[in-house]
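Residues per chain are reported as follows:
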Amino acid sequence: MKFGVAMISQNTQDYLEMALSSVLTWADWVEIVDGKSTDKSLDIINSFNDERIFVTQHLYNQSDPMMNGKQRNYLLDILKEKHMGDWCLVIDPDEVVSNDGARFRELMDQDKMEVLNVHMRHIVYHLGLEDATVQTHWTLGRCFKITPYLSYPEIEHPVLQSNHKMSYNYEGGPVLWHLSLAKQMFDILKKYKKDLRVSTNTHQPEFLRQWYERLLFGQYSVKPITDTHNYPLSIKKYFMFEQ
C-alpha cells in the first residue's frame, strides 16, 4: 500500500511550486490532471524532474458549470485504474500542506476510517489574516482510501461520495493552507523582487524588505476609507457597488 496526492489544475502557475514542494517530501506518487494549461504550469511541473509525478491532459471547459465534478471524476478514474487500495490526499493547486504532511501516512496503519475531512486554513487578503467565519474549517472528503465506490457529483463544488455513511474529521492532523483569497501577495512579491533589482540610494534593500513584509502580513500603516460614496464612478461600476 502506498500514499499519494492528486489534483486537478489549469493555469495555476503562481501556486503550483509551493503545492508540489509541500507533498513531494513524503508522497509515493502524485497524479495531476491538467486542463490544457496555457500558462507556465506544465513548465513548473516538469522542472521538478520527479518520476513520481504523472500528468494527464484533459481539457477543463470553463463554460461548463458541471466541469469541476466531471474533471474530478476523470481524476478518480485514473486513481482507480492505477492506485486501487492506496490512500490519497486530494489538494487543489492553491493549497499547501503543512510541514507535518508526512503524518498522513499514519492512516495506512488503520482500517476503520476510509474517508476523512482535513483541517483547512483559508488565508484572506494577505498572510496576516485568515477566515474566521467558523472556528475550524474542515474540507470534506479530501483524504481517502481508493475504492471502486468513490464518485463526485457533477457540480461546481463537489464533495466526494462513497459507500460510507459518514466521513471523519482528522483531528490533530496536518493542515491545508488555502491561498487563492490572497492573490495580492503574488503581486507584492513580484514588485519587491523588481525593486530589489533596481534599488537606489532612496530605497535601500533593508527599507524594501520592511515595506515588503509589512504588506505581506497586513502590518502596513493604513486607515479605513469611510467615504466610499466618493469613489469615482468607473471604480464603482467595475467592482459593482453603490450603483
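Residues numbered from 1 in each chain as written. Predicted model: local features only at pLDDT ≥ 70, side-chain atom pairs only at ≥ 80, totals over all residues. Heavy atoms only, no water.

## Observations regarding the overall build of the protein
Rule in force here: Secondary structure follows DSSP: runs of H or I at least 4 residues long count as helices, runs of E at least 2 residues long count as strands, and numbering of each begins at the N terminus. Relative accessibility decides the category of a residue: with a 1.4 Å probe and only protein chains considered, values under 20% of the type maximum give buried, values over 50% give exposed, and everything between is partly exposed. For this analysis, residues touch if any pair of their heavy atoms sits within 4.5 Å. Methods summary: accessible areas were calculated by the Shrake-Rupley approach with a probe of 1.4 Å, and residue burial reflects only the protein chains presented. Residues scored as positive are Lys and Arg, those scored as negative are Asp and Glu, and His as well as the terminal groups of each chain are ignored. Think of each charge as sitting on NZ of Lys, CZ of Arg, CG of Asp or CD of Glu.
For the protein, the count of helices and strands is six helices and nine strands. Considered along the principal axes of its C-alpha atoms, the protein spans approximately 60 × 45 × 35 Å. Looking at the protein residue by residue over its 243 residues, the buried ones come to 42%. In the protein, once contacts between residues fewer than 6 apart in sequence are set aside, the share between residues at least 24 apart is 70%. Of the roughly 14,500 Å² that the protein leaves accessible, carbon and sulfur atoms contribute 52%. Here the protein carries 26 positive and 32 negative side-chain charges, and the mean point of each set is 4 Å from the other.

## Details of the side chain of Ser180
Rule in force here: Any N or O atom pair separated by 3.5 Å or less is treated as a polar contact, with the protein-specific requirement of one donor-capable and one acceptor-capable atom, and with residues adjacent in sequence counted only for side-chain atom pairs.
Examined against the element boundaries, Ser180 turns out to sit in the loop between strand 9 (175-178) and helix 4 (184-197). A distance of 3.1 Å separates the side chain of Ser180 from the side chain of Asp94, its partner in a polar contact. Discounting residues that sit within four places of it in the chain, Ser180 has contacts with Tyr15 and Asp94.

## Looking at a nonpolar patch on the surface
Selection criterion: Only residues whose relative accessible area exceeds 30% and that form no salt bridge are eligible for patches; like-charged ones are grouped when within 9 Å, while nonpolar side chains (Val, Leu, Ile, Met, Phe, Trp, Tyr) are grouped when within 5 Å. Any carboxyl oxygen of Asp or Glu within 4 Å of a side-chain nitrogen of Lys or Arg constitutes a salt bridge here.
Where nonpolar side chains cluster on the molecular surface, the patch consists of Ile225, Tyr231, Ile235, Tyr238 and Phe239 and spans about 540 Å² of accessible area. Within the secondary structure, Phe239 is located in helix 6 (residues 233-239).

## Quick look at the packing of helix 4 against helix 5 (residues 205-216)
Counted only if it meets this: For helices, the fitted axis covers only the stretch in contact; all axes are lines through C-alpha atoms, and the angles between them, taken along N-to-C directions, range from 0 to 180 degrees. An angle below 35 degrees is treated as roughly parallel, one above 145 as roughly antiparallel, one from 65 to 115 as roughly perpendicular, and anything else as oblique.
Orientation of helix 4 relative to helix 5, taken along the N-to-C sense of each, is 180 degrees, at an axis distance of 10 Å. In terms of orientation, helix 4 lies roughly antiparallel with respect to helix 5. The residues of helix 5 that touch helix 4, namely those facing Met185, Ile188, Leu189, Lys191, Tyr192, Asp195 and Leu196, are Pro205, Leu208, Arg209, Trp211, Tyr212, Leu215 and Leu216.

## Examining unusual backbone geometry
Phi angles above zero are rare outside glycine, and Lys36 is one such case at about 70 degrees. Position of Lys36 relative to the elements: it lies in the loop between strand 2 (29-34) and helix 2 (41-47). For Lys36, a relative accessible area of 42% corresponds to the partly exposed category. A positive phi is found at Tyr125, a non-glycine position, where the angle reads about 75 degrees. Along the chain, Tyr125 falls in the loop between strand 6 (115-122) and strand 7 (137-145).

## Comments concerning the side chain of His137
As for its placement among the helices and strands, His137 is situated in strand 7. Judged by relative accessible area, which is 15%, His137 ranks as buried. When neighbours within four sequence positions are excluded, His137 is seen to be in contact with Val118, His119, Met120, His122 and Asp131.

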